[in-house]
Amino acid sequence: MIIATHTHLLKGVDLFSALTDAQIGYIASMTVEQGYERGETILKESETSETFFLIASGSVKVIISAEDGRETILATLSEGDFFGEMALLDGEPRSATVRAVGKTKLLLIHREDFLQCLKRHPDLVLALLSEMSKRLRAADRQISSLALMRVYGRVATTLLKLMEERGVRVKTREGKPIIVIHARPTHQTIADMSGTTRETVTRVFKILESKGAIATPGRDLLILEESRLRS
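What comes next concerns the included structure.

Conventions used here
- Residues numbered from 1 in each chain as written.
- Predicted model: local features only at pLDDT ≥ 70, side-chain atom pairs only at ≥ 80, totals over all residues.
- Heavy atoms only, no water.
- Helix = DSSP H or I, 4+ residues; strand = E, 2+ residues; numbered from the N terminus.
- Rg over C-alpha atoms; globule rule 2.2 N^0.38 Å.
- Buried < 20%, exposed > 50% of the residue type's maximum accessible area, 1.4 Å probe, protein only.
- Contact = heavy atoms within 4.5 Å.
- Areas by Shrake-Rupley, 256 points an atom, 1.4 Å probe, with all protein chains shown as cover.
- Lys, Arg positive; Asp, Glu negative; His and termini not counted.
- Charge placed at Lys NZ, Arg CZ, Asp CG, Glu CD.
- Pairing = 2+ DSSP bridges.
- Phe/Tyr/Trp six-rings, centres within 6.5 Å; stacked < 30°, edge-to-face > 60°.
- Lys NZ or Arg CZ within 6 Å of the ring centre and 35° of its normal.
- Axes fitted to C-alpha atoms, helices over the stretch in contact; angles between N-to-C directions.
- Parallel < 35°, antiparallel > 145°, perpendicular 65-115°, else oblique.
- Nonpolar A, V, L, I, M, F, W, Y, C, P; charged D, E, K, R; others polar.

## As for the overall build of the protein chain
Thought 1: Counting secondary structure elements, the protein chain contains nine helices and twelve strands.
Thought 2: Here the protein chain has a C-alpha radius of gyration of 19 Å; the compact-globule value for 231 residues is 17 Å, and the two agree.
Thought 3: Dimensions of the protein chain along its principal axes, counting C-alpha atoms only, are 55 × 45 × 30 Å.
Thought 4: Relative to its full complement of 231 residues, the protein chain shows a buried share of 39%.
Thought 5: Of all intrachain contacts in the protein chain linking residues separated by at least 6 positions in sequence, the fraction that spans at least 24 positions is 66%.
Thought 6: Accessible area of the protein chain: about 12800 Å², with a carbon and sulfur share of 52%.
Thought 7: Here the protein chain contributes 32 positively and 30 negatively charged side chains, and the mean placements of these two sets differ by 8 Å.

This is how it looks when you write it as structure tokens:
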């Protein structure tokens, strides 16, 4: 019953989309389910670990810490995403801390089983490399933003990143296309992702709202003028 449940979950993961049901069932037989509560640390930066993680439900944030203790959020991951693959491939310590945003359920695959999966399924290797390339490109953009752009630009870049990762394109009653980000992150989370303060994010939001670039009804974030954020 557990394997059948895990097989169903794995079928919804893009990483395994090229595999057959039998291949996914084989991988599911290796998984172990584990739950985490809100705020609980799953991985710690610089620690050694031999586990690959798939998010079955809930979400996590990937964090790096400065010497002064200040944290920067590199990414937020949700159902269907995975993490922990780098340390399994190169044997090096974890490059970031991963923490549960809310109640989260993960499927774990240990290193030897994971490497065996890669050897048996070349399509899985290609999918993994593709996803890692996407993440490296996103990290490059974020590093460039943090190093070169003014603070308003960094916040705008973070909003564009959220839009690309979680945005849903819809049309208003008037037929105007907009992008909706449901359950938007808090100003503090956006500040951590942008390398700035919550107060600055609040100030930038007010300016963007006054210019008609965004709106924040309820818990949603509406991108009304994508071009304004990009400019």
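## Details of the pairing of strand β5 (residues 71-78)
Thought 1: With seven bridges connecting them, strand β4 (residues 59-65) and β5 associate as antiparallel partners. The partner of Ile64 across the bridge, within β5, is Thr72.
Thought 2: Hairpin connection of β4 to β5: five residues between the antiparallel strands, including Gly69 at a positive phi of 90°.

## Thoughts on the sheet that holds strand β6 (residues 82-83)
Thought 1: Taken together, four strands build an open sheet; the order of strands is β1-β8-β3-β6 and the sheet is antiparallel. Unpaired on one side and paired on the other, β1 (32-36) and β6 mark the two borders of the sheet.
Thought 2: Relative to strand β8 (residues 104-110), strand β3 (residues 51-57) is paired through six bridges, and the arrangement is antiparallel. Bridged to Phe52 within β8 is Ile109.

## Points about helix α7 (residues 187-194)
Thought 1: The buried count for α7 comes to six of eight residues, which makes it a mostly enclosed element.
Thought 2: Among all positions in α7, only Thr189, Ile190, Ala191, Asp192, Met193 and Ser194 are buried.
Thought 3: The first or second residue beyond α7 is Gly195, which carries a positive phi of 70°.

## Looking at the packing of aromatic side chains
Thought 1: For the structure shown, the criterion picks out two aromatic pairs.
Thought 2: On the basis of an interplanar angle of 35° and a centroid distance of 5.5 Å, the ring pair of Phe52 and Phe82 is categorised as tilted. In this pair, Phe52 is assigned in strand β3 and Phe82 in strand β6, connecting sequence segments 30 residues apart. For the pair Phe52 and Phe82, one class covers both residues: buried.
Thought 3: With 4.9 Å between their ring centres and 5° between their planes, Phe53 and Phe83 make a pair best called stacked. With a gap of 30 residues between them, Phe53 in strand β3 and Phe83 in strand β6 connect regions that are remote in the sequence. Each member of the pair, Phe53 as well as Phe83, is classed as buried.
Thought 4: Positioned above the aromatic ring of Tyr26, the side-chain terminus of Arg120 is 4.0 Å from the ring centre.

## A word on the packing of helix α6 (residues 151-166) against helix α8 (residues 198-210)
Thought 1: Contact geometry for α6 and α8: axes closest at 10 Å, N-to-C directions at 75°. Between α6 and α8, the interaxial angle falls into the category roughly perpendicular. Where α6 approaches α8, its residues Val151, Tyr152, Val155 and Leu159 are matched on the opposing element by Thr200, Val201, Arg203, Val204, Phe205, Ile207 and Leu208.
Thought 2: Taken together, the residues of the contact of α6 with α8 sort by class into nine nonpolar, one polar and one charged.

## Examining the sheet that holds β4
Thought 1: The strand order across the open sheet formed by four strands is β2-β7-β4-β5, and the pairing between neighbours is antiparallel. Each of the sheet's edge strands pairs with one partner strand only, and the pair in question is β2 (41-43) and β5. The average angle at which neighbouring strand axes cross in this sheet is 30°, direction not considered.
Thought 2: Taken together, the four bridges between β4 and strand β7 (residues 97-100) define a ladder with antiparallel strand orientation.

By themselves, these are just geometric observations and shouldn't be taken as functional.
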